[in-house]
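# Descriptive structure summary
What follows is the residue order along each chain.
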2 protein chains.
Amino acid sequence: MNAGSHEHIVRSFDQEMSRLTGEIAAMGHLAVAQLEAAMAALAARDSVAARSVVDHDYALDAQERRISDDVLRLLALRQPMARDLREILAALRIASDIERIGDYAANVAKRSVTLNLSDPVPLVGGLAPMAGMAGRMVRETMQAYVAHDAAMANAVRERDADLDTLYTTLFRELLTYMMEDPRSISACTHLLFIAKNIERIGDHATNIAENVWFVVHGELPGESRPKQDHTLD
Amino acid sequence: MNAGSHEHIVRSFDQEMSRLTGEIAAMGHLAVAQLEAAMAALAARDSVAARSVVDHDYALDAQERRISDDVLRLLALRQPMARDLREILAALRIASDIERIGDYAANVAKRSVTLNLSDPVPLVGGLAPMAGMAGRMVRETMQAYVAHDAAMANAVRERDADLDTLYTTLFRELLTYMMEDPRSISACTHLLFIAKNIERIGDHATNIAENVWFVVHGELPGESRPKQDHTLD
């Protein structure tokens, strides 16, 4: 407990929670910015820019830790009940999902550095629409989170199937390309994993959307929830 | 609140927490059993057994939801402080990590069904030592969790680097094999993703170990924490 904690006690739970929500939304937008910077570095074969994305991932890790600490402090000081309690647990889970999204973005950047060590392969272009869709999903779940809009969250969740379709199509194209040109196997494998990373970002956006639903309705969106792992190839 | 909640209020927090810890440990052992069953089905090319692993994953999902509900109830009824609060938040995070381990085990089983549609490829054998090591890591983090043994947890965490080494070696062998026999590309790609799943299980065991440390010491194992994504290829 530091000298500032009295000041915190004076503030209302709603004020604290709204500050936390704002921090989480900023964290979400930073994660999307990381993904976009990683994709730009990949397209431009710019290893310097890619390394800067990898280096910047620490900021998201630090934000997640700070949010976890805030959640612990709020739980201890405020002992929130009912919807307040759900809101604070959702904050913890959402921050964790965003931290993972940042890890995937950093992994895209890391793989792009390795890709720059060999000749360019085509099909890199197919990743951009996937990343665009995943980034929009994350941004819109953040809007839904800040607005407590369960319907908007659910709309994002339903779009995850479209991202999976893009992923499956690209996956098959990459396999075909590898068979036609076995020298491209190593590079194409990195592209496969990059595509998988982006598909996983969509899954985390879906998790976040489910947590927004949980805050508003008091339960997860039920048995109709699509499984995490609905893509195989 | 159901009719049983009065009975719960009578029990001590420690009793409730010890029951929750037992449930989480059982969940951890079920996840390892799922991984082992998936690996056995893969080795035996037994699609029936593999499908049964996939079907059984719902049990882990249901356990995680029950544990989340218990955590919410305990937080609301008990308003725990300090170490009790850390313990209950760690329970929530650990259950979530175990649920993900179960998803990876189910994905191994799912991919093995697809592998059985084409000719067997060698190198499947290289997955068994990886899965054995990952399964042991999960089991030992569960022991460390139940015993509140931070040193044991840290020992598991340090072994994750060995799992990554196995993964990197197998990854390179698979790439070489694909280049030599391009007809194997599709099957080997599934093996690559299976290997990645097992490597990720090790990461989740590491997360669990860090949460055990957090319960005991009040903070995560600090900046020396290995990043989630220390494997590239």
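In what follows, the structure referred to is the one given above.
Below: a short report on this structure. Note that the coordinates shown come from a computational prediction; the quantities given were computed from them, not determined experimentally. (Residues numbered from 1 in each chain as written. Chains lettered and ligands numbered in written order. Predicted model: local features only at pLDDT ≥ 70, side-chain atom pairs only at ≥ 80, totals over all residues. Heavy atoms only, no water.)

## Points about helix H3 (residues 47–78) of chain B
All names here are of chain B. Here is the rule we go by: Here a helix means four or more residues in a row that DSSP labels H or I, a strand means two or more in a row labelled E, and each is numbered from the N terminus. A helix is expected to span 1.5 Å multiplied by its residue count minus one. Side-chain atoms alone can form a polar contact between residues adjacent in sequence; in general such a contact is a pair of N or O atoms within 3.5 Å, and within protein one must be able to donate a hydrogen while the other accepts it.
Helix length check: H3, at 32 residues, gives a terminal C-alpha distance of 47 Å against a target of 46 Å (1.5 Å per residue), a fit within 8%. Capping the start of H3, Asp-46 holds a side-chain oxygen 3.1 Å from the backbone nitrogen of Val-48, two or three residues further along. Of the residues one or two after H3, Gln-79 is the one with positive phi, at around 45°.

## Topic: the packing of helix H6 (residues 150–180) of chain A against helix H7 (residues 185–217) of chain B
Here is the rule we go by: To obtain each axis, a line is fitted to C-alpha atoms, and for helices this fit is confined to the stretch in contact; angles are then taken between N-to-C directions over 0 to 180 degrees. Convention used here: angles under 35 degrees read as roughly parallel, angles over 145 as roughly antiparallel, angles from 65 to 115 as roughly perpendicular, and any remaining angle as oblique. Handedness of a crossing follows from how the near helix is turned relative to the far one, being left-handed for an anticlockwise turn of less than a right angle and right-handed for a clockwise one. By definition, residues are in contact when any of their heavy atoms lie within 4.5 Å.
At a minimum axis distance of 10 Å, the contact between H6 of chain A and H7 of chain B shows a crossing angle of 125°. Viewed along their axes, H6 of chain A and H7 of chain B adopt a mutual orientation that is oblique. Crossing handedness for the pair H6 of chain A and H7 of chain B: right-handed. For the pair H6 of chain A and H7 of chain B, contact is made by Tyr-167, Phe-171, Leu-175, Met-178 and Met-179 of chain A and by Ile-185, Ser-186, Thr-189 and Phe-193 of chain B, respectively.

## Observations regarding the state of the cysteines
Worth spelling out the cut-off: The disulfide criterion is simple: two cysteine sulfur atoms within 2.5 Å.
If you walk through the whole model with that rule in mind, you get zero disulfides over all chains. Cysteine Cys-188 of chain A remains unbridged, with the sulfur of Cys-188 of chain B as its closest cysteine sulfur at 15 Å.

## Considerations on the environment of Ala-43 of chain A
Residues and elements named next belong to chain A. The condition is simple: Buried means the residue's accessible area, taken with a 1.4 Å probe over protein chains only, is under 20% of the maximum for its type, while exposed means over 50%, and partly exposed covers the values in between.
Tracing the sequence through the fold places Ala-43 in helix H2 (residues 13–44). Ala-43 sits in the exposed class, given a relative accessible area of 63%. Separated by 77 residues in sequence, Ala-43 and Pro-120 have C-alpha atoms that sit 9.9 Å apart.

## Focus: unusual backbone geometry
All names here are of chain B. Here the phi dihedral of Gln-79 falls at roughly 45°; this positive angle occurs in a residue that is not glycine. With respect to the helices, strands and loops of the structure, Gln-79 is situated in the loop between H3 and helix H4 (82–115). Taking the relative accessible area as the measure of exposure, Gln-79 reaches 28% and is therefore partly exposed. With a phi close to 50°, His-148 is a non-glycine residue in the positive phi region. Secondary-structure assignment places His-148 in the loop between helix H5 (127–147) and helix H6 (150–180).

## Side note on the environment of Leu-127 of chain B
Residues and elements named next belong to chain B. Here Leu-127 shows up in helix H5. Assessed through its relative accessible area of 1%, Leu-127 is described here as buried. If we ignore the near neighbours within four places in the chain, the residues touching Leu-127 are Met-39, Leu-42, Leu-170, Leu-191, Ile-194, Ala-195 and Ile-198.

## Some remarks on the environment of Ala-95 of chain A
Residues and elements named next belong to chain A. Mapping Ala-95 onto the fold places it in helix H4 (residues 82–115). Between the C-alpha atoms of Ala-95 and Gly-218, which are 123 residues apart in sequence, the distance is 19 Å. The residues contacting Ala-95, other than those within four sequence positions of it, are Met-27, Glu-64 and Ile-67.

## Thoughts on the pattern of salt bridges
The criterion, for reference: Whenever Lys or Arg places a side-chain nitrogen within 4 Å of a carboxyl oxygen from Asp or Glu, that contact is recorded as a salt bridge.
Per the counting criterion, the structure on display carries 26 salt bridges over all chains. Linking Asp-70 of chain B and Arg-19 of chain B is a salt bridge whose minimum nitrogen-to-oxygen distance equals 3.7 Å. Here the residue Asp-70 of chain B occupies a position in helix H3, and Arg-19 of chain B occupies one in helix H2 (residues 13–44), the gap between them amounting to 51 residues. Under the relative-accessibility criterion, Asp-70 of chain B is labelled buried at 11%. With a shortest N-O distance of 3.2 Å, Arg-157 of chain B and Glu-210 of chain B are connected by a salt bridge. One end of the pair, Arg-157 of chain B, is in helix H6; the other, Glu-210 of chain B, is in helix H7, with 53 residues separating them in the sequence. For Glu-210 of chain B, a relative accessible area of 2% gives the class buried. Overlapping salt bridges bring together Glu-16, Arg-19, Glu-23, Asp-70, Arg-73 and Arg-78 of chain A as one network.

## With respect to the packing of aromatic side chains
Let me state the cut-off plainly: Two rings from Phe, Tyr or Trp (for Trp, the six-membered ring) form a pair when their centres are within 6.5 Å of each other. A pair whose planes differ by under 30 degrees is stacked, one over 60 is edge-to-face, and the rest are tilted. By the criterion adopted, a ring carries a charge over it if an Arg CZ or a Lys NZ lies within 6 Å of its centre and within 35 degrees of its normal.
The full count for this structure, using the stated rule, is five aromatic pairs over all chains. Taken together, Tyr-167, Phe-171 and Phe-193 of chain A together with Tyr-167, Phe-171 and Phe-193 of chain B form an aromatic cluster joined through their ring pairs. Sitting over the face of the ring of Phe-214 of chain A, Arg-93 of chain A holds its NZ or CZ atom 5.3 Å from the ring centroid. Arg-100 of chain B extends its terminal NZ or CZ atom over the ring of Tyr-104 of chain B, reaching a point 4.7 Å from the ring centre.

## Describing the packing of H4 of chain A against H4 of chain B
Short version of the rule: Each residue is assigned to one class: nonpolar for Ala, Val, Leu, Ile, Met, Phe, Trp, Tyr, Cys and Pro, charged for Asp, Glu, Lys and Arg, and polar for all the others, Gly among them.
Look at H4 of chain A against H4 of chain B: their axes get within 12 Å of each other, and the N-to-C directions meet at 45°. Viewed along their axes, H4 of chain A and H4 of chain B adopt a mutual orientation that is oblique. Taken as a pair, H4 of chain A and H4 of chain B cross one another with a handedness that is right-handed. Counting all contacts with H4 of chain A, which are made through Leu-89, Leu-92, Arg-93 and Tyr-104 of chain A, the residues of H4 of chain B involved are Leu-89, Leu-92, Arg-93 and Tyr-104 of chain B. Per-class residue counts for the contact of H4 of chain A with H4 of chain B are six nonpolar, no polar and two charged.

## Here's the deal with the nonpolar core
The line we're drawing: Definition of nonpolar core: a set of buried residues of the types Ala, Val, Leu, Ile, Met, Phe, Trp, Tyr and Cys, connected through side-chain atoms within 4.5 Å.
Formed by 146 residues in total, the largest nonpolar core has its most connected members in Ile-98 and Leu-127 of chain A together with Ile-98 and Leu-127 of chain B. Excluding anything up to four places from it in sequence, Ile-98 of chain B contacts Ile-24, Met-27, Gly-28, Ala-31, Leu-60, Met-142 and Ile-208 of chain B.

## What about helix H7 (residues 185–217) of chain A?
Residue and element names in this part refer to chain A. Relative to the 48 Å expected for 33 residues at 1.5 Å per residue, H7 spans 47 Å between its end C-alpha atoms, a close match to the ideal helical length. The element H7 is largely enclosed, with a buried count of 29 among its 33 residues. Positive backbone phi, approximately 80°, marks Gly-218, located one or two places after H7.

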